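# Examination of the molecular architecture
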Amino acid sequence: MRKKGTPDKGKNTGLKTTAPKAPQTAKTEQKRPAKKPFDKKGKPTVLRAKRAPNKSMADDLELYLKSGSKYIPVRIKTHTDKNDGHPHVIIENLEDKHVSIGLSTQKKKGKGKKSGTNFALEKSPLDDGKNSYMRRQGTVASKEEYKDPRDGSMTPNDFEQAKIYAERAKQKYLKKKEDKKK
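What counts as what
Residues numbered from 1 in each chain as written. Predicted model: local features only at pLDDT ≥ 70, side-chain atom pairs only at ≥ 80, totals over all residues. Heavy atoms only, no water. Helix = DSSP H or I, 4+ residues; strand = E, 2+ residues; numbered from the N terminus. Buried < 20%, exposed > 50% of the residue type's maximum accessible area, 1.4 Å probe, protein only. Phe/Tyr/Trp six-rings, centres within 6.5 Å; stacked < 30°, edge-to-face > 60°. Lys NZ or Arg CZ within 6 Å of the ring centre and 35° of its normal. Contact = heavy atoms within 4.5 Å. Salt bridge = Lys/Arg side-chain N within 4 Å of Asp/Glu carboxyl O. Pairing = 2+ DSSP bridges. Axes fitted to C-alpha atoms, helices over the stretch in contact; angles between N-to-C directions. pLDDT = per-residue confidence, 0-100. Expected span 1.5 Å × (residues − 1).

Secondary structure assignment for the protein chain yields three helices and six strands. Counted from the first residue to the last, the protein chain has its helices and strands arranged as α-α-β-β-β-β-β-β-α. Buried residues in the protein chain amount to 32% of all 182 residues.

Spelled out as structure tokens, the structure:
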């Protein structure tokens, strides 16, 4: 005979039994696995730190690297042109303009044999898993020419290369602007 209120062995009575949880100690916390660098969909997670509204992400590169993330968050917008536009990584703000670098899925800039090659990226900034390339020439264009802002991430090596291309475009723009004043 069983006592009243206790379930029979082997029968599902619908009563749930739970064992009391052990108290958390420093040893049990150390055994827990660290958070994975990927979310549920398999996309890499990026630690995001707050930045001043007018600062570019290039200014805060050290902050992101100190945060322990292996990817640098970037702002990606579509730059409108005659072909309806393509994605650009915004590197810096200059007056009322963005300094940006175009992204592509094509290895070469054009279709001819002599066309230049685009810079191969280690990882797609759009986190879509496709092979991505970065144009070697930066763009300085009005902020009104950009639409559809979204977040992405780049490896530190890719971001450093993007900064080099952006600095070239910025210097070219400033020189052209200076020559107009003369």
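Alright, that's what it looks like, and here's the rest.
The subject of this paragraph is the packing of aromatic side chains. Taken as a whole and judged by the stated rule, the model has one aromatic pair. Ring centres of Phe-119 and Tyr-165 lie 6.3 Å apart, and the angle between their planes is 80°; this geometry places the pair in the edge-to-face category. Of this pair, Phe-119 sits in strand E4 (residues 119–120) while Tyr-165 sits in helix H3 (residues 156–181); the two residues are 46 residues apart in sequence, bridging distant segments of the chain. Taking the relative accessible area as the measure of exposure, Tyr-165 reaches 3% and is therefore buried. Positioned above the aromatic ring of Tyr-71, the side-chain terminus of Lys-123 is 4.9 Å from the ring centre.

Our focus in this paragraph is the environment of Thr-117. Turning to its location among the elements, Thr-117 is positioned in the loop between strand E3 (97–104) and E4. Residue classification places Thr-117 among the partly exposed positions, given a relative accessible area of 37%. Each residue touching Thr-117, except ones within four places of it in the same chain, is listed here: Lys-107, Lys-108 and Arg-136.

All right, on to the pattern of salt bridges then. It is possible for side chains bearing opposite charge to pair when their charged atoms get close. If you walk through the whole model with that rule in mind, you get five salt bridges. A salt bridge links Glu-92 to Lys-170; the shortest N-O distance between them is 2.8 Å. With Glu-92 in strand E2 (residues 86–94) and Lys-170 in helix H3, this pair connects stretches of sequence that are 78 residues apart. Assigned by exposure class, Glu-92 and Lys-170 land together as buried. Notably, a salt bridge pairs Lys-163 with Glu-160, separated by 3.7 Å at the nearest N-O pair. Residue Lys-163 and its partner Glu-160 are both found in helix H3; the two are separated by three residues, about one turn of the helix. Under the relative-accessibility criterion, Lys-163 is labelled partly exposed at 25%. A residue is classified by how much of its surface remains accessible, and Glu-160, at 37% relative accessible area, is partly exposed.

The next thing to look at is the sheet that holds strand E1 (residues 72–79). Spatial ordering of the open sheet is given by E4-E5-E3-E2-E1-E6, a layout of six strands whose pairing is antiparallel. The two strands at the open ends of the sheet, each matched to only one other strand, are E4 and strand E6 (146–154). Here seven bridges tie E3 to strand E5 (residues 133–142), and the two strands are oriented antiparallel to one another. Across the sheet, Leu-103 pairs through a bridge with Met-134, a residue of E5. Across the sheet, H3 lies against E1, E2, E3, E4, E5 and E6, angled at about 40° from E5, the strand it touches most.

In terms of burial, E3 is a largely internal element, eight of the eight residues being buried. Residues Lys-97, Val-99, Ile-101 and Leu-103 point to one face of E3 and His-98, Ser-100, Gly-102 and Ser-104 to the other, with burial holding for every one of them. Taken together, the six bridges between E2 and E3 define a ladder with antiparallel strand orientation. By the bridge assignment for E3, His-88 is matched with Gly-102. Here E2 hands over to E3 after two residues, with Glu-95 in that stretch at a positive phi of 55°.

Residues of the protein chain with pLDDT of at least 70 account for 63%, and the chain-wide mean is 76. Within the protein chain, the lowest mean pLDDT, 52, falls on helix H1 (residues 26–31), and the highest, 93, falls on E3. Low confidence marks residues 47–51, where pLDDT is under 50. Its contacts with residues over four positions away, or in another chain, come to 16 contacts.

Moving on, we come to H3. Compared with an ideal rise of 1.5 Å per residue, which puts 26 residues at 38 Å, H3 spans 37 Å between its outermost C-alpha atoms and is within 8% of the ideal. Residues of H3 that are buried include every one of Asp-158, Phe-159, Gln-161, Ala-162, Tyr-165, Ala-166, Ala-169, Lys-170 and Tyr-173, and no others.

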